[in-house]
Amino acid sequence: MPDADIHADWFEGQGLWQEVPAADWQDWGWQLKHRLTTTEQLERYMELTEDEKAGCAHANQKLALAITPYFFNLIDRRDPACPIRRQVIPRAAELVISEGEMADSLNEDGHSPVPGLVHRYPDRVLFLVTDRCAAYCRYCTRSRLVSNAQDYNFHPEHEQALRYIEAHPEVRDVLLSGGDPLLLSDRKLEHLLSRLRAIKHVEFIRIGSRIPVFLPQRITPALCEIFKKYGPVWMSIHVNHPRECTSELRAACERLSFAGVPLGNQSVLLRGINDEPEVMKALVHRLLQMRVRPYYLYQMDLITGGAHFKADVRKGLEIIRALRGHTTGYAVPQYVIDAPGGGGKVPVNPDYVEAITDEAVIFRNYEGHRFTYPLQTRPLPAGAAVPVTANLKAE
Ligand SMILES: *Cc1c(COP(=O)(O)O)cnc(C)c1O
Ligand code: SF4
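This one's a predicted model, so the numbers in the text were calculated from it and none came from an experiment.

1. What to know about the pairing of strand β8 (residues 334–339)
Thought 1: Direction of pairing for strand β7 (residues 292–298) relative to β8: parallel, over a ladder of three bridges. Bridge pairing in β8 links Tyr298 to Val336.
Thought 2: Pairing of β8 with strand β9 (residues 344–347), which is carried by four bridges, proceeds in the antiparallel orientation. In the strand pairing of β9, Asp338 is matched with Lys345.
Thought 3: Taking the residues between adjacent antiparallel strands as the criterion, β8 and β9 are bridged by four residues, where Gly341 takes a positive phi near 95°.

2. Focus: the site of ligand 2
Thought 1: For ligand 2, the full set of nearby residues is Cys133, Tyr136, Cys137, Cys140, Gly179, Arg210 and His238.
Thought 2: For the shell around ligand 2, the class distribution of residues is four nonpolar, two polar and one charged.

3. Some details on the environment of Ile226
Thought 1: Note that Ile226 resides in helix α11 (residues 221–230).
Thought 2: Remark: the alpha-carbon pair of Ile226 and Arg187, spanning 39 residues in sequence, is separated by 9.5 Å.
Thought 3: If sequence neighbours within four positions are ignored, Ile226 has contacts with Asp186, Glu190 and Leu193.

4. Here's the deal with the nonpolar core
Thought 1: If you look at the biggest cluster of nonpolar residues, it comprises 94 residues, and the most contacted ones within it are Phe71, Phe127, Ile165, Val174, Leu182, Phe227 and Met235.
Thought 2: No other element matches α11, which puts five residues into this core.
Thought 3: Counting residues domain by domain, this core receives three or more from each of domain 1 (3–93) and domain 2 (109–347).
Thought 4: Beyond its immediate chain neighbours, meaning those up to four positions away, Phe227 contacts Leu182, Leu193, Ile207, Val233, Met235, Leu256, Ala259 and Val261.
Thought 5: In this structure, Ala64, Leu128, Cys140 and Leu145 belong to the second largest nonpolar core, which totals 12 residues.

5. Examining the site of ligand 1
Thought 1: Residues in close proximity to ligand 1 include Val118, Arg120, Tyr121, Arg124, Leu126, Leu175, Arg206, Tyr295, Tyr296 and Lys345, which together make up its full environment.
Thought 2: Separating an oxygen atom of ligand 1 from a side-chain N or O atom of Tyr295 is a distance of 2.6 Å.
Thought 3: The protein chains hide 91% of the 390 Å² of surface that ligand 1 would expose on its own.
Thought 4: For the shell around ligand 1, the secondary structure elements donating two or more residues are β1 (117–121), β2 (124–128) and β7.
Thought 5: It is β1 that contributes the most residues to the shell around ligand 1, three residues altogether.
Thought 6: Its residues assigned to classes, the shell around ligand 1 shows six nonpolar, no polar and four charged.

6. A short note on the sheet that holds strand β12 (residues 370–374)
Thought 1: Spatially, three strands are ordered β10-β11-β12 in an open sheet, and the strand pairing comes out antiparallel. Either end of the sheet is taken by a strand with one partner, and the two such strands are β10 (353–356) and β12. Across the sheet, the mean angle separating the axes of adjacent strands is 15° when strand polarity is ignored.
Thought 2: For strand β11 (residues 360–364) and β12, the ladder comprises five bridges, and the chain directions are antiparallel. Within β12, the residue paired with Ile362 across the bridge is Thr372.

7. Brief notes about the sheet that holds β9
Thought 1: Judged by pairing direction, the sheet is mixed, and its nine strands sit side by side in the order β1-β2-β3-β4-β5-β6-β7-β8-β9 without closing on themselves. The outermost strands of the open sheet, each flanked by one partner alone, are β1 and β9. Taking the axes of each pair of neighbouring strands and ignoring which way they run, one obtains an average angle of 30° across the sheet.
Thought 2: Relative to strand β4 (residues 204–208), strand β3 (residues 173–177) is paired through four bridges, and the arrangement is parallel. Within β4, the residue paired with Asp173 across the bridge is Phe204.

8. Considerations on the state of the cysteines
Thought 1: Tallied over the entire structure, the rule returns zero disulfides.
Thought 2: There is no disulfide at Cys245, and the cysteine sulfur nearest it, in Cys253, is 8.0 Å away.
Thought 3: With a relative accessible area of 1%, Cys245 lands in the buried category.

Conventions used here
- Along each chain, residue indices are assigned from 1 in the same order as the chain's sequence is written.
- Here chains are named by letter from A upward and ligands by number from 1 upward, in the order in which they appear as written.
- With pLDDT at 70 or above as the cut-off, local features in this predicted model cover only qualifying residues; side-chain atom pairs require 80 or more to be listed or tallied, and sums for whole chains, interfaces and linings still use all residues.
- Each side-chain value is worked out from all heavy atoms of the structure, with water and hydrogens disregarded.
- Paired strands are those between which DSSP finds at least two bridges.
- In this text, helices come from DSSP runs of H or I with a minimum length of four residues, and strands from runs of E with a minimum of two, each type numbered from the N-terminal end.
- Any residue with a heavy atom lying within 4 Å of a molecule or strand is counted as near it.
- As a working rule, the residues Ala, Val, Leu, Ile, Met, Phe, Trp, Tyr, Cys and Pro are called nonpolar, Asp, Glu, Lys and Arg charged, and the rest polar, with Gly in that last group.
- Working rule for contacts: check all heavy atoms of both residues, and any pair within 4.5 Å makes them a contact.
- Residues belong to a common nonpolar core when they are buried Ala, Val, Leu, Ile, Met, Phe, Trp, Tyr or Cys residues joined through side-chain atoms within 4.5 Å.
- For the exposure calls, accessible area comes from a 1.4 Å probe over protein chains only, and a residue counts as buried if that area is under 20% of its type's maximum, exposed if over 50%, partly exposed in between.
- Note that the domain bounds reflect an automated or database-derived domain assignment.
- Within 3.5 Å is the distance limit for a polar contact, defined as a pair of N or O atoms, with the added protein rule that one can donate a hydrogen and the other accept it, and that residues adjacent in sequence qualify only through two side-chain atoms.
- What sets the accessible areas is the Shrake-Rupley method with a 1.4 Å probe; for residues, cover comes only from the shown protein chains.
- Orientation is described by axes fitted as lines to C-alpha atoms, over the contacting stretch for helices, and by angles from 0 to 180 degrees between their N-to-C directions.
- Any cysteine sulfur atom paired with another within 2.5 Å is treated as part of a disulfide.

By themselves these figures say nothing about function.
What follows is the structure, given as structure tokens:
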């Protein structure tokens, strides 16, 4: 990956849509209405590879094709391997189902007491409020239901889900997701947030959304007022590559932050897109500049037709090693695998600890040097000199 690619300036402007009045460009309704959703529309702006044409031809049975004009501008149209392009333009490999892949690999449906509500952990629920997104990620973990291309016919039952939460005092944390909750109207969102806020035992409300990345125009002052009114509302955005960090995204994050919304980021480790330490480092640095704290780095779920995106777990560990200690601690996300079958998110960490005995812990630091931390607590003989510090022995 050329260095200029990951350290490029913060993209701004209307790119291919120069002739569109700025007021339209900034209108999220305009962006949604002008999404690129067919092969023909894409081909008006770019040359597709044969592989992509085959993928596009079948998108309607797999996961819908849709890209906002704003996000399309970030694609390098001359480069078939462009990391932005590969996230949103279908390829033929999506139709290949590999061993180990599943329709619902996390068994979300098996943990749903009400359609669209996943209650896997004792104290928190995942509330799927819609199956629609501003644009569609080809590796989407919920592609079984998102966009309804697979005729899953997902019908979120908001009222039933709210009643379930009201009736379950152990639920102290509600995560709104989907699909993308910010695709709902202000009115619907306000209704959901006000109902949740009125439940005494719900202490923590958060939203998972890729809208700031696909459609930053949606983060309007009116929406921010709703977050202020029912806050604190936390938000996890979803950025995978430093080139998605544009001036528009930065401004949207600023509006959210100033409305009191703490921001985190979730990235999916994607082969050939962000599975290199240099790319991930550039990404997390940009996130901090946008007031966004990297939260999770996900190993890809075992969705059908996702094998071409699956990165090596050793690569993920190499990335975490390259970050921890080498950069700001706030910049280091937790790398997790969501356990197939529905075991929840499990941290995968590089091994720093070499041994633990009753006497000591022996571990290595970020540079690979070995250190000892004693566990025994024997008093120092009276009169013995107090050491100033430990001997730092590089091994
Ligand atoms: C990810 C997830 C959550 C939230 O997990 P945190 O680790 O608290 O962010 C809750 N429920 C389900 C089903 C999830 O997949
Ligand atoms: S925005 Fe989220 S839910 Fe929507 S397609 Fe992308 S990963 Fe799936």
